[in-house]
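Commentary on secondary and tertiary structure
Listed below are the residues making up each chain.
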Amino acid sequence: MHELGVVFYVVKDVKQVAEENAVEKIASVTLQIGEVSGIVHEYLIDCWNWARKKEAVMEEAELLIEQIDAVSFCEECGEEYSTVQYAKICPHCGSEHTYLARGNEFLIKEIAVY
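Definitions and cut-offs
Throughout this document, residue positions are counted from 1 along each chain, in the order its sequence is written. Confidence filtering applies because this is a predicted model: local features only for residues at pLDDT of at least 70, side-chain atom pairs given and counted only at 80 or more, and all residues used for totals across whole chains, interfaces and linings. Side-chain figures throughout are based on the complete set of non-hydrogen atoms in the structure, without hydrogens or water. Per the convention used, a helix needs a DSSP run of H or I reaching at least four residues, while a strand needs a run of E reaching at least two, with both numbered from the N terminus. Each residue is placed in one exposure class: buried if its accessible area under a 1.4 Å probe, protein chains only, is under 20% of its type's maximum, exposed if it is over 50%, and partly exposed if it falls in between. In what follows, a contact means two residues having at least one pair of non-hydrogen atoms within 4.5 Å. Within this document, salt bridges are pairs made up of a side-chain nitrogen of Lys or Arg and a carboxyl oxygen of Asp or Glu, the two lying within 4 Å of each other. Each Phe, Tyr or Trp ring, with Trp reduced to its six-membered ring, pairs with another whose centre is within 6.5 Å; inter-plane angles below 30 degrees give stacked pairs, above 60 give edge-to-face pairs, and intermediate values give tilted ones. For two strands to pair, DSSP has to find at least two bridges joining them. Every angle, taken between N-to-C directions, lies between 0 and 180 degrees, and every axis is a line fitted to C-alpha atoms, over only the stretch in contact when it is a helix.

1. Focus on the overall build of the protein chain
Summing up its helical and strand segments, the protein chain has three helices and six strands in all. Tracing the protein chain from N to C terminus, the helices and strands come up as α-β-α-β-β-β-α-β-β. Its C-alpha atoms put the protein chain at 55 × 25 × 15 Å along the principal axes. The buried share of the protein chain, reckoned over its 114 residues, is 32%. A sequence separation of at least 24 residues applies to 68% of the contacts in the protein chain between residues at least 6 apart.

Quick look at the structure:
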C-alpha cells in the first residue's frame, strides 16, 4: 500500500506550508490525482483519516480528490483519446505510436484554512 507513503509526503508538505504562513488549522486539502496514477482513492482516504489525527494543525482537515482523466496522444494522426477506454491503440487510426499526455499526475491543488 503506497498510499500511506503518499499521505506522509502530503502531510509533510501541508505542515510546512502551514508553518511558513502561520496557519493554526487546515480545513481541507484538495489533491488532483491522475486516473492511471495507481493511487486507490479509498485507500488514500483511509490513510489520510488516520494520519491527519496525528498532527494538531490537520486534525479536522478534509481530503478532497479531483480526478484527472487519462488521455493519450497519437503521434501518427495527432488526435487525443481516452487512455482507459482504448489503451495503447489509437481509435482514430489504429496506430500504436501513442503516449500518455495526462492522467498520471499527483498534485496538491489547494490548501484551505479556517
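2. Structural notes on the pattern of salt bridges
This model, assessed by the stated rule, comprises four salt bridges. With a closest N to O distance of 3.4 Å, Arg102 and Glu80 form a salt bridge. Of this pair, Arg102 sits in strand E5 (residues 98-102) while Glu80 sits in strand E4 (residues 80-82); the two residues are 22 residues apart in sequence, bridging distant segments of the chain. Residue class for Arg102 comes out partly exposed when judged on its relative accessible area of 34%.

3. Focus on the packing of aromatic side chains
Two aromatic rings are characterised by how far apart their centres lie and by the angle between their planes. Scanning the model with the defined rule gives three aromatic pairs in all. For the pair Phe73 and Tyr99, a centre-to-centre distance of 5.5 Å together with 50° between the ring planes defines the contact as tilted. Linking Phe73 in strand E3 (residues 71-74) with Tyr99 in strand E5, this pair joins segments that are 26 residues apart in sequence. Judged by relative accessible area, which is 41%, Tyr99 ranks as partly exposed.

4. A few points about the sheet that holds strand E2 (residues 62-68)
Pairing is mixed across the open sheet formed by three strands, whose spatial order is E2-E1-E6. If you trace the sheet from one side to the other, it starts and ends with E2 and strand E6 (106-113), each paired once. Taking each pair of neighbouring strands and ignoring which way they run, the sheet shows an average axis angle of 20°. Pairing analysis gives seven bridges linking strand E1 (residues 26-34) to E6, with the strands arranged antiparallel. Bridge pairing in E6 links Ser28 to Ala112. Along the sheet, helix H1 (residues 3-20) contacts E1 and E6; its crossing angle with E6, the most-contacted strand, is approximately 45°. In this fold helix H2 (residues 41-51) packs onto E1, E2 and E6, with an angle of close to 160° to the strand it touches most, E2.

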